[in-house]
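In case you want the letters, here they are:
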Amino acid sequence: MMADVKALVAKMTLEEKAAMCSGADFWHTESVERLGIPASMVSDGPHGLRKQDLAADHLGVNESIKAVCFPAGCGTAASFNRELITRMGEALGEECQAEGVSVILGPAVNIKRSPLCGRNFEYYSEDPFVAGEIAAAHITGVQSRKVGTSIKHFLANNQETRRMSATSEAEERTLREIYMPAFEIAVKKAKPWTVMCSYNKINGVYAAENHKYLTDVLRGEWGFDGYVMSDWGAVNDRVADLKAGLDLEMPSSGGAYDARIIEAVKNGSLEEAVLDQAVERILNIVYRFEENRDTEAVFDRDLHDALAREVAEETIVLLKNEGVLPLKEEQKAVFIGKYAKEPRYQGGGSSHINSSRITSALSMAAGNPNVVYAQGFEDDKDVINDTLIQEAVQAAKEADVAVIFAGLPDAFESEGFDRTHMRMPECQNVLIHEVAKVQPNTVVVLHNGSPVEMPWEQEVKGIVEAYLGGQAVGAAEYDILYGKVNPSAKLAETFPMRLEDNPSYLDFAGDEDRVVYREGVFVGYRYYDKKQMEVLFPFGHGLSYTEFAYSNLRLNAHSMRETDTLEVLVDVTNTGKLAGKEVVQLYVEDKESTMPRPVKELKGFDKVFLEPGETRTVSFALDQRAFAYYNEEVQDWCVESGEFGILIGASSRDIRLQDTVMVEAERPKKKYTLDSTFGDVKADPKAYACAREIMDAYEKQCLGDNEGDAGAEAISREMQEAMTRYMPLRGVLSFSEITTIDELERIVDEMNR
Ligand code: BGC
């Protein structure tokens, strides 16, 4: 029977309702025994279940139950595989059902503004489209098991430095185009049961008390209908938060804020209906879980471990391969580096999982007599250990190939603090240089949650980015190194040459409590492309052991109205000798924008499996948003009429095919006034049609005036046009007599229709 939540709320006392709006303890919502309302447990997330039975904390310090640790967000995004991530979500949902957890906290979709953010390993991408699509896939999977998710951290939480007090200062266009769409896509497509607001302020207002984003946008524009919970300790003013749309405070403030809520209702500064609504939203979700509770549920750890391995196989990116990979089992190989034996496979903080099993690449090599091991470095401190290096160099000399399992130690990146540089430990860089000097066939396998500088990039023949690949990462690494699995992941972020190249470099991580997002929408490849900068590895890059050819790009139209849908088809063929998967990427380029826009933006991707010789057609559908930018003036998404490029690539810097489409805007992109310039009016064919007669007449008159004037002979029509581009329409009144103010106002009205 469905609980009648409204009737329950009506029976609750003011005190009970106030108490319901914060946690009973670190992980549970309140219960009300006399009404039979049960407590409900929530737990971290995102890539495994961190259910704490005993001492609780939000930084992964105390023990949690054993669970399966899947690859972290940095890797899952690189899979570009929606179906796979949905299956991972299903597994997480099953573990939650078995453990009685109603909501698993995640996915974490904040944009990677800087490679330094300590929590990048948990986040998906520098690109909001990938982040949103992968998040939607994850949420769909978890929630198919009748367990909720909490997409986090809403909004603009892109660093750990001062995360509980800083204000992220960004223009509305930047927020709408870069920092919000991952949430927007996931909320619209996958309907998460809950949303977690972030700690920080957004343009001066705490996320927890931000009515604009928590209510107007999230619920009003995107249709979110679950409850919003605070990040742990993100509440500043509980009454203001309730009014803004924050339903559940986590964990609790020991009753301090309950008293404030009660007082506010009593003195009339908070309408009781606002409190009722928050309680109703919380209880709706509590009962959604309760009524779908599978009390018999168990999960199969081995099956989930096998799935963690499958996910890891698709999250490992082959960055470089100069004929060295795959290895052959008969080759004499030395596995160097601590992470061959003890892989770094997850990050520190609230997402830290008590893994049920850990597989290392070295343990996979147990049956292979041709593999030897040398430790090479220590990772508890960055000290060059000559003995370990010499041992590794000697072993490398004696082998046919050296594989160095390197990366960032735990102390280098974690929730709670940001990195201060993008370097790997010096002891590892030295080790790689030294090994590469004696062994031409050197491969580096990296374990890190965010890009690193690679001063040895030219010295080695192979680079494998294993990210933080979860508990089965070693198995996936081994199978990729030996060609049992064909790598198919692609970078969901750019690896810049050096930290200084990153667009946020000049002001990351802000000036005390103020972080200005000065680079605006130019985040990640949007910046490197615009600046035509060389990067170490571009967004979307990832190699395979086979080759793919792209052909036969087809658009269903070459001109369309913005309300139409453009259908794009492209054929992809596996021209190599091995079966493999390719991530086909579609970017849109606004060729004629009057706005500062990125060169191109990812608007579609698909991952296809192809046997050797096989061809498949990949299809995409592009709607208005694929062409639009956020127009602050009209506070809406707008398309500028003109030509757009449709680019199909194997990476953002490897565009294989392209075509163009003319898109015609339906609505004015701005509100026209007498101050609107000739140039802006001309850029909008509809507006121009209204004012054309007068504008042409004016320009003709200007040119005419110049005729016969010796000094002005050089003024061509183009120059004249360039000079009037910035002239407001009202200038026609000042410098000519070709129209009247009434007529001009009538035209402007028509332009706005
Ligand atoms: C983190 C959240 C996490 C919560 C509970 C916070 O510190 O920011 O992501 O879900 O703790 O552990």
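Each chain carries its own residue numbering, running from 1 in the written order of its sequence. Whole-chain, interface and lining totals are the exception, using all residues; otherwise, since this is a predicted model, local features are given only for residues with pLDDT of at least 70 and side-chain atom pairs are given and counted only at 80 or more. To get the side-chain values, take all heavy atoms of the structure and skip hydrogens and water.

1. Some thoughts on the side chain of Asp247
And then number 1: Helix and strand assignments come from DSSP, with helices taken as H or I runs of at least 4 residues and strands as E runs of at least 2, each series counted from the N terminus. Counting through the fold element by element, Asp247 comes out in the loop between helix 9 (238-244) and helix 10 (256-266).
And then number 2: Residue exposure (1.4 Å probe, protein chains only): buried if accessible area is under 20% of the type maximum, exposed if over 50%, otherwise partly exposed. A relative accessible area of 1% means that Asp247 is categorised as buried.
And then number 3: Polar contact criterion, stated in full: a pair of N or O atoms within 3.5 Å, where within protein one must be able to donate a hydrogen and the other to accept it, and residues adjacent in sequence count only if both atoms are side-chain atoms. Within the local environment of Asp247, its side chain forms a polar contact with the side chain of Arg219, the two groups lying 2.9 Å apart.
And then number 4: A polar contact is formed between the side chain of Asp247 and the side chain of Arg281, at a distance of 2.9 Å.

2. Considering the sheet that holds strand 26 (residues 642-651)
And then number 1: Pairing between strands requires that DSSP locate at least two bridges from one strand to the other. Here five strands make up an open sheet; going across it, the order is 19-27-26-21-22 and the pairing mixed. The sheet terminates laterally at strand 19 (559-561) and strand 22 (601-610), the two strands that pair on one side only. Mean inter-strand twist for the sheet, computed between neighbouring axes without regard to direction, equals 30°.
And then number 2: Examined bridge by bridge, strand 26 and strand 27 (residues 654-664) share nine bridges and lie antiparallel to one another. Paired with Ile648 across the two strands is Leu657, which belongs to strand 27. Lines fitted to C-alpha atoms define the axes, with helix axes restricted to the stretch in contact, and inter-axis angles between N-to-C directions lie between 0 and 180 degrees.

3. Focus on the sheet that holds strand 13 (residues 371-374)
And then number 1: If you walk across this open sheet you meet the six strands as 10-16-15-14-11-13, and the pairing is mixed. Bordering the open sheet on either side are strand 10 (317-321) and strand 13, each of which pairs with just one other strand. Strand-to-strand twist in this sheet, taken as the mean axis angle between neighbours without regard to direction, amounts to 20°.
And then number 2: Two strands pair when backbone bridges link them, and strand 11 (residues 333-336) and strand 14 (residues 401-407) are joined in this way by four bridges, in the parallel orientation. From the neighbouring strand, Ala333 faces strand 14, where its bridge partner is Val401.
And then number 3: In the packing of helix 15 (residues 386-398) onto the sheet, the strands contacted are strand 11, strand 13 and strand 14, and the crossing angle to strand 11 comes to about 160°.
And then number 4: Contacts from helix 16 (residues 426-438) reach strand 11, strand 14 and strand 15 (442-447) within the one sheet, and its direction differs from that of strand 14 by about 170°. The contact definition used throughout considers only heavy atoms, calling two residues in contact when any of these lie within 4.5 Å.

4. Points about helix 5 (residues 128-143)
And then number 1: Multiplying 1.5 Å by the residue count of a helix minus one yields the expected span of that helix. The end-to-end C-alpha distance of helix 5 is 22 Å, a good match for the 22 Å that 16 residues give at a rise of 1.5 Å each.
And then number 2: With 15 of its 16 residues buried, helix 5 lies for the most part within the structure.
And then number 3: In this structure Asp127 caps helix 5, since a side-chain oxygen of it lies 2.8 Å from the backbone nitrogen of Phe129.

5. Quick look at the layout of surface pockets
And then number 1: Each cavity reported here is a set of points on a 1 Å grid over the protein atoms alone in which a 1.4 Å probe fits but cannot get out, each pocket an open set with protein on both sides within 12 Å along at least five of seven lines, and each lining residue one with an atom within 4 Å of a point. Grid points are joined across faces, edges and corners, and a volume is the space filled by probe spheres set on the points. Taken as a whole, the largest pocket spans an internal volume of roughly 550 Å³.
And then number 2: As for the largest pocket, its lining consists of 23 residues, and the residues nearest its centre are Phe129, Ile185, Asp623, Arg625 and Ala626.
And then number 3: For the lining of the largest pocket, the elements supplying multiple residues, two or more each, are helix 5, helix 7 (181-190), strand 22, strand 23 (615-622) and helix 19 (624-627).
And then number 4: The element best represented in the lining of the largest pocket is helix 7, accounting for five residues.
And then number 5: Under the grouping applied here, Gly and all other residues not named as nonpolar or charged are polar, the nonpolar ones being Ala, Val, Leu, Ile, Met, Phe, Trp, Tyr, Cys and Pro and the charged ones Asp, Glu, Lys and Arg. Residues of the lining of the largest pocket, tallied by class, amount to 11 nonpolar, one polar and 11 charged.

6. Considering the domain arrangement of the chain
And then number 1: Per the domain assignment, the segments of the chain are domain 1 (308-530), domain 2 (548-664) and domain 3 (678-751).
And then number 2: Listed by partner, the interface residues are 12 residues for domain 1 and 18 residues for domain 2.
And then number 3: The term buried area refers to how much accessible surface (probe radius 1.4 Å) is lost by two components on association, counted for both of them together. When residues of domain 1 are sorted by the area they lose upon contact with domain 2, Lys490, Tyr525 and Asp529 head the list and together hold 41% of the total.
And then number 4: A carboxyl oxygen of Asp or Glu within 4 Å of a side-chain nitrogen of Lys or Arg is what we treat as a salt bridge. Counting every contact that joins domain 1 to domain 2 gives six salt bridges. Note: domain ranges come from an automatic or database domain assignment.

7. Brief notes about helix 11 (residues 272-290)
The α-helix advances 3.6 residues per turn, and as a result positions three or four apart in sequence lie on the same side.
And then number 1: Across its 19 residues, helix 11 extends 26 Å between first and last C-alpha, which sits within 8% of the 27 Å expected from 1.5 Å per residue.
And then number 2: Taken together, the buried positions of helix 11 are occupied by Leu275, Ala278, Val279, Arg281, Ile282, Leu283, Ile285, Val286, Tyr287 and Phe289.

8. Here's the deal with the site of the ligand
And then number 1: Here, proximity means that at least one heavy atom of the residue falls within 4 Å of the molecule or strand. If you check the shell around the ligand, you find 15 residues, and the closest are Asp44, Arg119, Lys152, His153 and Asp231.
And then number 2: Between Arg50 and the ligand, the recorded distance is 3.3 Å, taken from a side-chain N or O atom to an oxygen atom.
And then number 3: The residue makeup of the shell around the ligand, split by class, is five nonpolar, three polar and seven charged.

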